[in-house]
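This is what each chain is made of:
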Amino acid sequence: QVSLVESGGGSVQAGSSLRLSCLASGRTSSTYYMGWFRQAPGKEREFVAAITRSGGRFYADSVQGRFTISRDDAKNTVYLQMNSLKPEDMAVYYCAAGTGRAVGRPTGYDYWGQGTQVTVSS
């Protein structure tokens, strides 16, 4: 019912920036919040950031102060601005849409994008 497509991943040096985009289509009016998760090899998928329909923002402690989530309703697009990137930020980043259960956990989301790779070299 909802399709999500991420873009903007790539390979950068530590300390630089990237902006990820998530284009949503379908029945997007049914979603209450959008989030970003990431998964590194050998690790579980972890919460990064989320934004509610009312504009509230939530961040993982590991990215607080460095990452910013935002939304453009006219374009049905959610962004993740990532600054001061560190090698430990390397992961596949996933965009997700939830209908109102748990904003900070994967179980709270119903739709997922295909993921985009972020690589950070030092």
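This write-up is about the structure you can find in this document. What you see is a predicted model, and the numbers here were worked out from it, not measured in a lab.

Rules behind the numbers
Residue numbers run consecutively from 1 along every chain, following the written order of its sequence. Note on the predicted model: pLDDT of at least 70 is required for a residue's local features to be given, and 80 or more for side-chain atom pairs to be given and counted; whole-chain, interface and lining totals, by contrast, use all residues. Computation of side-chain values: all heavy atoms of the structure, hydrogens and water removed. We count a stretch as a helix when DSSP gives it H or I for four or more residues in a row; a strand needs E for two or more, and each element gets its number in order from the N terminus. The buried label goes to any residue with under 20% of its type's maximum accessible area, the exposed label to any with over 50%, and the partly exposed label to all in between, with areas taken from a 1.4 Å probe on protein chains only. In plain terms, two cysteine sulfur atoms within 2.5 Å form what is called a disulfide here.

## Observations concerning unusual backbone geometry
Line of reasoning, step 1. Here the phi dihedral of Asn76 falls at roughly 50°; this positive angle occurs in a residue that is not glycine.
Line of reasoning, step 2. By secondary structure assignment, the location of Asn76 is in the loop between β7 (67-72) and β8 (77-82).
Line of reasoning, step 3. Overall, Asn76 belongs to the partly exposed group, its relative accessible area being 37%.
Line of reasoning, step 4. Here Ser84, not a glycine, exhibits a phi torsion of approximately 50°, which is positive.
Line of reasoning, step 5. The class of Ser84 is partly exposed, set by a relative accessible area of 38%.

## What about the state of the cysteines?
Line of reasoning, step 1. Overall, the coordinates contain one disulfide when judged by the stated rule.
Line of reasoning, step 2. The residue that forms a disulfide with Cys22 is Cys95, at a sulfur-sulfur distance of 2.0 Å. Across the disulfide from Cys22 to Cys95, rotation about the S-S bond amounts to roughly -80°, and the bridge is consequently left-handed. Here Cys95 lies in strand β9 (residues 91-98) and Cys22 lies in strand β3 (residues 18-26), a separation of 73 residues in the sequence. Assigned by exposure class, Cys22 and Cys95 land together as buried.

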